[in-house]
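Listed here are the chains, written in short residue letters.
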Amino acid sequence: AAEVVRIPFAPAPKGSAAFYGDLLGNVLSRYPYAVSRYRSGVMREEIARRAASVDVVVCDFLAPAINVPASLPVPTLLFQHNVEAMIWERHAQVAVHPVKKAYMTEQWRRMKRFEAAECRRVTSVVAVSAQDAEVFRREYGVAEVPDVPTGVDTDYFVRQPEVARTPGSMVFTGSMDWMPNEDGIGWFVEAILPRIRAAIPTATLTIVGRNPTPKVRALHAPDAGVSVTGSVPDVRPYLASHQLFIVPLRVGGGTRLKIYEGMTMGLPTVSTTIGAEGLPVVDGEHLVLADEPEAFAQACIALLNDQARSEAMGNAADSYVREHFGWDGVAKRFAEFCQAAIPAVPASLHYSKV
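Since we're looking at a predicted model, the values are computed, not measured. (Residues numbered from 1 in each chain as written. Predicted model: local features only at pLDDT ≥ 70, side-chain atom pairs only at ≥ 80, totals over all residues. Heavy atoms only, no water.)

All right, on to the environment of Ala117 then. Tracing the chain through its elements places Ala117 in helix α5 (residues 98–121). For Ala117, a relative accessible area of 39% corresponds to the partly exposed category. Once the C-alpha coordinates of Ala117 and Tyr140 are considered, the two residues, 23 residues apart in sequence, prove to be 8.1 Å apart. (Helix = DSSP H or I, 4+ residues; strand = E, 2+ residues; numbered from the N terminus. Buried < 20%, exposed > 50% of the residue type's maximum accessible area, 1.4 Å probe, protein only.)

Next up, the structure:
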């Protein structure tokens with residue numbers, strides 16, 4: 001039986017004095033800051049202790065791998081939700097200020113070294129898309145990398161036809177302290193939203209997600225059509241009451257679960273190619289892809305102005321996700337891949353999530 005252990009630990013909050021102290025202390029470290037800030041001796045000791053009584057250790061995401069001892073008596077599975085180095089490479093590419101560009105470039109190099117080393121030292125790596133799996137094989141020399149598709153709880157995210165969608169309303173959801181989200185939504189508000197409001201003056205954007213950074217909070221301007229909610233107990237009311245879902249990411253890796261959540265609630269989506277990267281969706285059928293500000297704005301305007309097309313796209317997306325990416329099927333596939341990748345895992349293995 002699988003055992004999931006939650007060890008109380010949290011890095012310094014972003015924007016705090018401790019956060020900036022850790023950031024400064026990382027200058028001479030060989031580890032990327034996004035990894036070193038999660039270093040915990042307590043967690044490392046607890047993992048070593050617990051490993052004696054389990055069949056396999058699953059490291060969920062790359063950052064906690066810094067706390068996984070190298071000499072565990074059981075196989076270690078690294079579940080990679082992103083190609084982390086790719087995220088930092090893209091941060092470096094979009095950075096404008098030379099100091100920020102230099103910092104992001106160095107963090108990318110550190111992340112690539114760390115990610116390559118961790119992928120090679122664990123027993124098995126599992127990716128969330130075929131594209132990511134190919135990167136792990138090509139860039140890091142990992143021979144076998146199974147991929148498990150992103151899944152969504154289709155019993156939780158369901159359409160709410162009794163809720164009216166507000167005309168001209170757009171919504172973005174995600175953890176707002178994650179840099180790709182901060183970068184993407186800032187770019188949308190600065191470069192894309194004004195173009196939309198020039199055509200639809202009543203168009204609005206609601207930014208929904210926990211821990212908004214100071215940059216994200218500064219975007220809150222109801223008179224300009226932008227609202228920042230911060231943490232909410234349930235994102236479904238926002239997905240049900242808005243007309244369009246946007247994913248304007250310029251930086252990222254892995255797959256974006258948020259797209260499937262919106263789709264299963266019948267919400268049409270406009271995304272960048274990076275925002276939908278790794279998802280087997282069809283442009284023009286399940287969503288619209290656009291990468292330049294003008295193209296992204298025009299895609300949003302077209303869907304906001306065409307209710308019939310919006311509804312047809314929402315229906316197609318909902319049916320597609322429910323048929324192929326519900327949690328039950330994805331969880332079964334993940335268990336099968338784990339058993340195939342790690343022969344030591346007994347056939348009766350099952351997983352619990354807390």
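Turning next to helix α7 (residues 179–199). Within an α-helix, residues lying three or four positions from one another point in the same direction, as the helix has 3.6 residues per turn. With 21 residues, α7 extends 30 Å from end C-alpha to end C-alpha; this agrees with the ideal 30 Å at 1.5 Å per step. At Ile192, α7 shows its maximal kink, close to 45 degrees; a proline, Pro194, follows between one and four residues later. (Expected span 1.5 Å × (residues − 1). Bend = angle between axes of the 7 residues up to and from the residue.)

Applying the stated criterion to the full structure yields 7 aromatic pairs. On the numbers, 4.9 Å between centres and 20 degrees between planes, the contact of Tyr260 with Phe325 is stacked. Pair noted here: Tyr260 is in helix α10 (residues 257–263) and Phe325 is in the loop between α12 (307–324) and α13 (327–341), with a separation of 65 residues, a long-range link. Looking at Tyr260, the relative accessible area reads 0%, which means it is buried. Between Tyr320 and Phe325, the ring centres sit 5.6 Å apart and the planes meet at 70 degrees, which makes this aromatic pair edge-to-face. Summarising the burial analysis for this pair, Tyr320 and Phe325 share the class buried. Each residue in the set Trp187, Phe188 and Phe296 is aromatic and connected to the rest through ring pairs, giving one cluster. It is Arg236 that lies over the ring of Tyr156; its NZ or CZ is 3.6 Å from the centre. (Phe/Tyr/Trp six-rings, centres within 6.5 Å; stacked < 30°, edge-to-face > 60°. Lys NZ or Arg CZ within 6 Å of the ring centre and 35° of its normal.)

Here the focus is the environment of Tyr103. Structurally, the position occupied by Tyr103 is in helix α5. Residue Tyr103 is classed as partly exposed on the basis of its relative accessible area, which comes to 33%. As a C-alpha pair, Tyr103 and His91 span 12 residues in sequence and 9.8 Å in three-dimensional space.

It is worth spelling out the packing of helix α4 (residues 84–94) against α5 at this point. The interhelical angle for the contact between α4 and α5, taken along N-to-C directions, is 165 degrees, at an axis separation of 8 Å. Here α4 lies roughly antiparallel to α5, going by the angle between them. The two elements α4 and α5 meet at a crossing, and its hand is left-handed. Where α4 approaches α5, its residues Glu84, Ala85, Trp88, Glu89, His91, Ala92 and Gln93 are matched on the opposing element by Lys101, Met104, Thr105, Gln107, Trp108, Met111, Lys112 and Glu115. In terms of residue class, the contact of α4 with α5 is made up of 6 nonpolar, 4 polar and 5 charged. (Axes fitted to C-alpha atoms, helices over the stretch in contact; angles between N-to-C directions. Parallel < 35°, antiparallel > 145°, perpendicular 65-115°, else oblique. Left-handed = near helix turned anticlockwise from the far one by under 90°. Contact = heavy atoms within 4.5 Å. Nonpolar A, V, L, I, M, F, W, Y, C, P; charged D, E, K, R; others polar.)

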